[in-house]
Amino acid sequence: MAHFIILLGPPGAGKGTQAERIIKKLGIVHISSGNLFRENLEKETDLGRLAKSYMDKGELVPDNVTIAMVRERLTKLDCQTGALLDGFPRTPAQAKALDKILAEKNESILCVPYIKVPEDLSVERLSGRWTCREAGHVYHEKYNPPKEKGICDIDGSPLYQRDDDKRRTVEQRIKVYSQQTAPLIDYYDKNGLLRTIDGTKEIDEITESILKEIT
Ligand code: AP5
């Protein structure tokens, strides 16, 4: 049986940071809808251009486009043993679509770790975040700095600050999260999959808590 796990949480909760660590332990792939959009943006595809028009405003990319992109990604061979989904689903319609996609593969969701952080911490984490150009590895100038300033420890590529980490866009992303994504907490709680994780702790401690819930 494959392991399909969803990391839920507000912008800046640490989903990407934890995903990098958890996939190493579990040997499954990391599927981040945000990273898929950014890859399309780098390659200057139509999907990338469309996504940018929403991402720059802190709005969600429309469900039909996002679901089609993730559905396609889940058909790849490397998903046969499962996947860690980060940033998807983000609306009730996406959650229902994912249930259907997995049911078609005779698979289901193993659990949904929900990384809970207060709003002020989300803002602080995003304002100090630096991301690697090559593969999206994540650092924080205060809490998780790279060994050499501006350079990714893992692949040596330059680090940059995301356009959507500007203060006003962050505020809009948090608002959109509360309105459109937070209802999923209840959705996954009702079907017994939700595992609430205290996201205010240190990175290693959070990884341990998540792994305890999964394994
Ligand atoms: P996306 O890229 O998914 O962004 P997000 O969900 O807003 O999440 P982030 O990547 O900002 O934060 P994170 O939780 O991964 O935190 P991180 O680990 O980096 O989406 C971007 C946009 O794409 C959306 O706004 C939307 O437009 C579009 N989109 C994406 N998916 C979509 C979907 N499904 N539907 C529609 N539209 C979609 O950590 C943050 C910082 O904190 C880092 O600097 C890190 O080093 C630091 N940190 C992490 N953990 C800790 C800790 N425990 N202590 C101290 N510092 C920490």
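Bear in mind that the values here come from a model prediction, so they are computed numbers and not experimental data. (Residues numbered from 1 in each chain as written. Predicted model: local features only at pLDDT ≥ 70, side-chain atom pairs only at ≥ 80, totals over all residues. Heavy atoms only, no water.)

## Observations concerning the pattern of salt bridges
Logical step 1: Taken as a whole and assessed by the stated rule, the structure comprises 17 salt bridges.
Logical step 2: One salt bridge in this structure joins Arg73 and Asp78, with 2.8 Å as the shortest N-O distance.
Logical step 3: A relative accessible area of 16% means that Arg73 is categorised as buried.
Logical step 4: We note a salt bridge from Arg173 to Asp165, for which the minimum N-O separation is 2.9 Å.
Logical step 5: On the basis of relative accessibility, which here comes to 12%, the residue Arg173 falls in the buried class.
Logical step 6: The class of Asp165 is buried, set by a relative accessible area of 10%. (Salt bridge = Lys/Arg side-chain N within 4 Å of Asp/Glu carboxyl O. Buried < 20%, exposed > 50% of the residue type's maximum accessible area, 1.4 Å probe, protein only.)

## Observations concerning the site of the ligand
Logical step 1: Within the structure, the ligand sits among 36 residues, and Thr17, Glu59, Arg90, Arg129 and Arg173 are positioned closest to it.
Logical step 2: Between an oxygen atom of the ligand and a main-chain N or O atom of Gly12, the distance comes to 2.9 Å.
Logical step 3: Thr17 is positioned with one of its side-chain polar atoms (N or O) 2.6 Å from an oxygen atom of the ligand.
Logical step 4: Out of a free accessible area of 1,000 Å², the ligand has 97% covered by protein chains.
Logical step 5: Secondary structure elements with two or more residues in the shell around the ligand: α1 (15–26), α2 (33–42), α6 (119–127), β6 (138–140) and α9 (203–214). (Near = heavy atom within 4 Å. Polar contact = N/O pair within 3.5 Å; in protein donor to acceptor, adjacent residues only side chain to side chain. Areas by Shrake-Rupley, 256 points an atom, 1.4 Å probe, with all protein chains shown as cover. Helix = DSSP H or I, 4+ residues; strand = E, 2+ residues; numbered from the N terminus.)

## Looking at the environment of Glu171
Logical step 1: Relative to the helices and strands, Glu171 is located in helix α7 (residues 167–181).
Logical step 2: Under the relative-accessibility criterion, Glu171 is labelled partly exposed at 40%.
Logical step 3: Residues Glu171 and Ser122, spaced 49 residues apart in sequence, show a C-alpha to C-alpha distance of 9.7 Å.

## Observations concerning the nonpolar core
Logical step 1: With 32 residues, the main nonpolar core has Ile31, Leu74, Leu98, Ile109, Val112 and Tyr188 as its most contacted residues.
Logical step 2: Non-local contacts of Leu74, meaning those with residues more than four positions away in its chain, are made with Phe4, Ile31, Cys79, Ala83, Leu98, Ile101 and Lys105.
Logical step 3: Ala19, Ile28, Ile206 and Ile214 belong to the second-largest nonpolar core, a separate cluster that totals 16 residues. (Core = buried A, V, L, I, M, F, W, Y, C linked by side-chain atoms within 4.5 Å. Contact = heavy atoms within 4.5 Å.)

## So, the pairing of strand β1 (residues 3–7)
Logical step 1: By the criterion of burial, β1 is predominantly enclosed, with four of the five residues buried.
Logical step 2: Pairing between β1 and strand β3 (residues 82–86): five bridges, direction parallel. Within β3, the residue paired with Ile5 across the bridge is Leu84. (Pairing = 2+ DSSP bridges.)

## Focus: the packing of α2 against helix α3 (residues 46–55)
Logical step 1: Look at α2 against α3: their axes get within 7 Å of each other, and the N-to-C directions meet at 120 degrees. As far as their axial angle goes, α3 and α2 are oblique. The two elements α2 and α3 cross, and the hand of that crossing is left-handed. In this structure, α2 uses Gly34, Phe37, Arg38, Asn40 and Leu41 to contact α3, whose residues at the interface are Leu47, Gly48, Arg49, Ala51, Lys52 and Met55.
Logical step 2: Residue composition of the contact of α2 with α3, by class: five nonpolar, three polar and three charged. (Axes fitted to C-alpha atoms, helices over the stretch in contact; angles between N-to-C directions. Parallel < 35°, antiparallel > 145°, perpendicular 65-115°, else oblique. Left-handed = near helix turned anticlockwise from the far one by under 90°. Nonpolar A, V, L, I, M, F, W, Y, C, P; charged D, E, K, R; others polar.)

By themselves, these figures tell us nothing about what the structure is for.
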